Structures are given as structure tokens and as C-alpha cells.
Amino acid sequence: MTSLSLDVRSASYGSLQQQIQNGGLLPIQTSLAGRSKPCKMIKETEKVFHWICKFAPRKKVGMLLLFTVSTLVFGRVLYVGKGEDAQVGERIQKIESGNISDLVYPENTDPASSLLSHLKKIIALSPPPLVYFTGYTLRPGNSCENFTLPPPPADKKKTGPRPCPVCYLPVEEAVDLMPNAPSFSPVLKTLTYIHEDNLTRSEFGGSEFGGYPSLKQRFDSYDIRESMNMHCGFVKGIKPGRHTGFDIDDSNLIEMEQCQGVVVASAIFGAYDILQQPKNISEIAKKNVCFFMFVDEETEEFLRNSTGLDNRMKLGLWRIVVVHNLPYIDPRRNGKVPKLLLHRLFPSAHYSLWIDGKLELVVDPYQILERFLWRKNASFAISRHYRRFDVFIEAEANKAAWKYDNASIDFQVDFYKREGLTPYSEAKLPITSDVPEGCVIIKEHIPISNLFTCLWFNEVDRFTSRDQISFSTVRDKVMSKTNWTINMFLDCERRNFVVQGYHRGVLEHWSPPPPPHVNATIHPPPPIHEETTNLRLTHTSTAHIVSAPVKIPGKHGRKSSSKHHRKVAAGTNNKS
């Protein structure tokens, strides 16, 4: 830009000299013409210059001249009068547009110094270079330096899902390591969302809430570019939560928009789950982290009757947000809206932690973010399924449990097969699974991760609501266009910071708990023998290594509870 400007300026000076020779004058030429005849003072200056050159070496003369010119230019820049401020905006626009030859300088003003002044102002107005978070390495001697994940229990009879130890940094250290800049978003820099008042149904799938994107629009949405505009729910109304379906009162919307930093969110629709209060939350998280629980009117009534929820709409740490005009009949499908679209509901938040309504959070959010996002330099983290890692096997398991209409599951899987979906194999390494355990999502709100959850939601809206089936298709398509990756951590690590509960319908089939004076039998987790593990805890504070939470089963024990759970699940048709 600078070299181009100088070329244009030289050309204008050449045409100016030709016009002087032809007798034509421009407004700027008056002062220049008056100096065409050298004066006596200039002759004397030339004599001094020759005298200096005679007695001083050439290098020193050059340095002296450079210093003199720099001083004069710098002084000239600092002496720019306040009267020129009104003309600066117009001149900057001409410089930015390349019309430097059109600049008209006031009389008695050196064009070079004026141009330099304007260029300095342009540089001052330009935005600073972008800074991104690039990860870190824990300092030597940290509390997790010698931690090693122990092997699974040797008892082959106990092969079900279970927690495993996880080493978290102390809350204060985790907060200190919180990035002060966003992570880099590969390819995609700007993501905007489609707003439609008049919806037209496409070939298949979609809804009034998410729109009806055509198959061509779906194909284009996976062509990741620097700037994209796409469907991402809330297609009607002015902004998410206001006349869009999934409507929220203005007082709650204001609180959600003002939530910055970290948000922990969950949802219960259809009074389907028992509200769980987070535990082991630090004071700094209580003050700075937003805890939002989305409920429908049915769940609100249940909470008022069972927990004493009042008009303050606060239960422990949770702020209860009642959602009106739900977009779907199925409560589980409604739950996918906050689960996948938190970046739209909380536009100012930088990080989010989603947990399903049946889960109890037992570790501080800052420790979770540090362990699974920041330490891994990841912007999206989700646990893999503890047993299944192949989409085709997952689909058959959903059909066997009647989680959704079997024909719809077959249609979705066949569609993905035609697009190239194959069974999982070692050829996909380092990807370790195609099936997530989607009850927990840890996310940084940057364009590429927001795009991923938008695309994931669109698949859920178009096909079945079983998000485990569509996850790998969306992930693989995004990864094929970018170098973005997902941190798929162990399911036993997820079970370390959330305690798995049961849906309310299952709990109501159980016998009531024993009276307080009767001692309940507590089954601790199997001991970890030192000779069978590689767990080295030298210089490690055991207070920050969280072991497996202990569950207290019902009267009939764990085996009976599992049977009841299978019966209820099998008798529930078309569940999402």
C-alpha cells in the first residue's frame, strides 16, 4: 500500500511540473511557483553544505542529514494544527480508496509531512493483530505430574460402566490458567444465522423451529468457508427466545445475555427427571459461573409442589428458566435445543458445560474446563460411549430398546451409508470412537465449534433425535474440511465429575428408601491394588485426585434396579 501510494504521488508531481511549464496553475501551485527562483539564503546554505562535505567523512555527513531530516519530519508531525482535524476524515477516505492524487493540501503545508501524518492516523485506526490461545504445558512439580490412569478392575464379572480417578488441578490454579484469548477457529471466521418468516417445506425433514433446509442447503452447509450463513434453530422471531418457539421471558433473556465467561446449563421437560443440585462448587464459581436450568410449565408446577420453588425462581445454584411455546411434542427432542444451541441462548458466554437433567455435577466447572479443554488445547470435548464405538451397532441397540421408530432409524442410517458412512475400524485412528455418550458437552464458543453444534442440531431436526447416530457424520465432514479436532475422553472420566441418576419414572417404580434408623448397605468401589496399577502419586496432593463416587442402591439392590430400568425403557416407544 505504501509503495503504491508513493508511485501515485510521483505521477501527480510530474503532471504538476508539466502544468507549470505550460503556464497553468492549480490552487496548490501558487506557493510552489513562488519558490522557482533561488533566493540568497538558499545560496548561503549551499556554501555551508559544501564546507561540511569538505571537512567531514561522507558517512558522517549522511548520518547528519538523516538525523536532520528525521527531526524536521517528526517535529512537523507533532506540529499539525488543530484546524486540520475537520479535513482528516475526508483525506483518510481518499487515501484508503487510493485517490491520493485528489488530495488538496492547504497552503504553506508540506505534502510529504501531511501525508505522513495521515498515514499515522490510518495505522492508529487499524485493529490490533488477533491473538489466539495456543495451549500450555503444566509447570514442573504440579499436582498432576506423576498421575497415571490405573487399569480397569481385574474382576471380569463387573464389566459395566464405572468411574475412574481423574487428576484435577486446584480451583485457584485452574482459574489462573483460564485463557485470556479465544482458541483459533480454522477456516471459519464469521458465522451468522438464517432468519425466515415464510417457511417452505423441503424434500424431507425439518421443522417450524429449525426451518426446512433443502438437501442442497444441507450439502452447502458442509462446505466450510471463511464466512457462512446457515440454519441453526430459532429461524423465526427477532432473536432466540423471543417469538421463535422455545420462548423465554425478557427478564431471563436479559440475564442470559449478560452471562459472560462460563455457563453451566441443563434442562428438564415433561417433569421427566429429578432436579439435582451441584456439589463441591468453589466460591469463585458460585460468584462467576452462571447456572441455568430450563424447564417447561409442567416441570415448573412439579417443582413448586415438590421443592418449594417460589417467585424468585432460584433453587440452590440453579436459576430456573420456564420455557413457553415448546417447538416439539417430544420432551427429549425439546431438550436438544439448549443442549446443542447454548451459543445462541448465551451470546456473551465464552465456555459452556452442558449436563443432562438426570446428572448431578460433583466437580467444580473450572476444574473440568481446565482438565478437558484448556490442558488439551481443545474447543470441544465429549466422552465416548463406554461400550459401543460403531454407529451401526449403536443404531441396532436403539432399535432393540425402542428408543425411536425403527423405520426412521433405518432410513437415517441408510442415508448416511449412501454418503459414505462405514463401520468403525482402526483406519480411523487417532479417532477412537464414532459413538459419544452425549449427556455431557464441554465447549468453547468459537465459530468452528458453534458451526459443529449447529450442523449436529440440523441433523437431529431432520432425522431422528438420537444424536449418537448423527454425531460421527457431522464430525467427519467438518474434520475433512479443516484441521479441527474433538477431545473424546473416556466415559469413566465423565462418570468421575457427574453422578448418573435415573429418570423420575424409573424412581417411582422403586420401593421407598429404608427409614433413617436402618443402616443402608454401602458397596464401595473395588480397591485398587498398588501392585496391579501404575498409579504413582509422589508429590501429588490426593485432595485433587477425585475417586469414584459411591452410590447407595435401592432396597432390591443394583441388579433389580437395572431390570426395572430395562422394562421402562423397553415399554417407551418413540423416545428421543
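Each residue is numbered by its place in its chain's sequence as written, counting from 1. It should be noted that, the model being predicted, local features are given only for residues of pLDDT at least 70 and side-chain atom pairs only at 80 or more, the latter also being counted only at that level, while totals for whole chains, interfaces and linings use all residues. The side-chain figures draw on all heavy atoms in the structure; neither hydrogens nor water molecules are used.

**Concerning the overall build of the chain**
Numbering goes from the N terminus for both helices and strands, where a helix is a DSSP run of H or I of at least four residues and a strand is a run of E of at least two. Secondary structure summary: the chain contains 21 helices and 15 strands in total. Residues count as neighbours in contact if any of their non-hydrogen atoms are within 4.5 Å of one another. Within the chain, contacts between residues at least 6 apart in sequence are counted, and of these 81% link residues at least 24 apart. The Shrake-Rupley method, run with a 1.4 Å probe, gives the accessible areas here. Residue values count only the displayed protein chains as cover. With the model as given, the accessible surface of the chain reaches about 31,900 Å², and the carbon-plus-sulfur share is 56%.

**Comments concerning the pairing of strand β12 (residues 436-444)**
Among the nine residues in β12, nine count as buried, and that is most of the element. Across five bridges, the pairing between strand β9 (residues 349-355) and β12 is antiparallel. The partner of Tyr351 across the bridge, within β12, is Glu444. We call a residue buried when its accessible area falls under 20% of the maximum for its residue type, exposed when it is over 50%, and partly exposed in between, using a 1.4 Å probe and counting protein chains only. Strands pair, by our definition, only if DSSP identifies at least two bridges between them.

**A short note on the packing of aromatic side chains**
In this scheme Phe, Tyr and Trp rings, the latter by its six-membered ring, pair at centre separations within 6.5 Å, and the angle between planes marks the pair as stacked below 30 degrees, edge-to-face above 60, and tilted otherwise. Tallied over the entire structure, the rule returns 26 aromatic pairs. When the centroid spacing of 5.9 Å and the interplanar angle of 85° are considered together, the rings of Phe452 and Phe471 count as edge-to-face. Of the two residues, Phe452 sits in helix α17 (residues 447-462) while Phe471 sits in helix α18 (residues 467-481), which places them 19 residues apart along the sequence. Geometrically, the ring pair formed by Phe489 and Phe497 is tilted, given 6.3 Å between the ring centres and 45° between the ring planes.

**Quick notes on the state of the cysteines**
Disulfides are defined as pairs of cysteine sulfur atoms found within 2.5 Å of each other. Under the defined criterion, the tally for this structure stands at four disulfides. Disulfide pairing places Cys144 opposite Cys167 at an S-S distance of 2.1 Å. Disulfide Cys144-Cys167: the torsion about the S-S bond is -90°, which places it as left-handed. Pair noted here: Cys144 is in the loop between α6 (111-125) and β1 (166-167) and Cys167 is in strand β1, with a separation of 23 residues, a long-range link. Take Cys144 and Cys167: they sit in the same class, and that class is buried. Covalently, Cys164 is tied to Cys492 through a disulfide, its sulfur atoms 2.2 Å apart. In this structure the cystine formed by Cys164 and Cys492 twists about its S-S bond by roughly 70°; its chirality is therefore right-handed. Taken together, the residues Cys164 in the loop between α6 and β1 and Cys492 in helix α19 (residues 491-497) connect sequence positions 328 residues apart. Counting only the cysteines that take part in disulfides, in the order they occur along the chain, gives the pairing 1-3, 2-8, 4-7, 5-6.

**Thoughts on the pattern of salt bridges**
A pair is scored as a salt bridge if a Lys or Arg side-chain nitrogen falls within 4 Å of a carboxyl oxygen belonging to Asp or Glu. This structure, assessed with the given rule, holds 25 salt bridges. A salt bridge links Arg371 to Glu493, with the nearest nitrogen and oxygen atoms 3.1 Å apart. Within this pair, whereas Arg371 is found in helix α14 (residues 365-374), its partner Glu493 is found in helix α19, the two being separated by 122 residues in sequence. The class of Glu493 is buried, set by a relative accessible area of 10%. The partner of Glu419 in a salt bridge is Lys477, and the shortest N-O contact between them spans 3.7 Å.

**Thoughts on the side chain of Asp296**
Within the element layout of this structure, Asp296 appears in the loop between β6 (290-295) and α11 (297-307). Asp296 sits in the buried class, given a relative accessible area of 9%.

**Overview of the packing of helix α16 (residues 406-419) against α18**
Closest axis-to-axis distance for the α16/α18 pair is 10 Å, and the angle between their directions is 20°. When the axes of α16 and α18 are compared, the pair comes out roughly parallel. Between α16 and α18 lies a crossing of left-handed hand. Along its contact with α16, which presents Ile409, Gln412, Val413, Tyr416 and Glu419, the element α18 presents Ile469, Ser470, Thr473 and Lys477. Of the residues belonging to the contact of α16 with α18, the class tally is four nonpolar, three polar and two charged. For every element, the axis is a line fit to its C-alpha atoms; helices are fit only across the contacting stretch, and the angle between N-to-C directions ranges from 0 to 180 degrees. Oblique is the label for any angle not under 35 degrees, not over 145, and not in the 65 to 115 range, which are roughly parallel, roughly antiparallel and roughly perpendicular in turn. Throughout, a crossing is termed right-handed when the near helix is turned clockwise from the far one, and left-handed when it is turned anticlockwise from it by less than a right angle. Charged means Asp, Glu, Lys or Arg here, nonpolar means Ala, Val, Leu, Ile, Met, Phe, Trp, Tyr, Cys or Pro, and polar covers whatever is left, Gly included.

**Thoughts on α16**
In this analysis, the expected span of each helix is defined as 1.5 Å times one less than the number of residues it contains. Under the 1.5 Å per step criterion, the end-to-end length of α16 is 20 Å for 14 residues, consistent within 8% with the ideal 20 Å. Taken as a whole, α16 has its buried residues at Asn406, Ile409, Gln412, Val413, Phe415 and Tyr416. Where α16 is buried, its residues contact α8 (215-221), α15 (391-400), α17 and α18.

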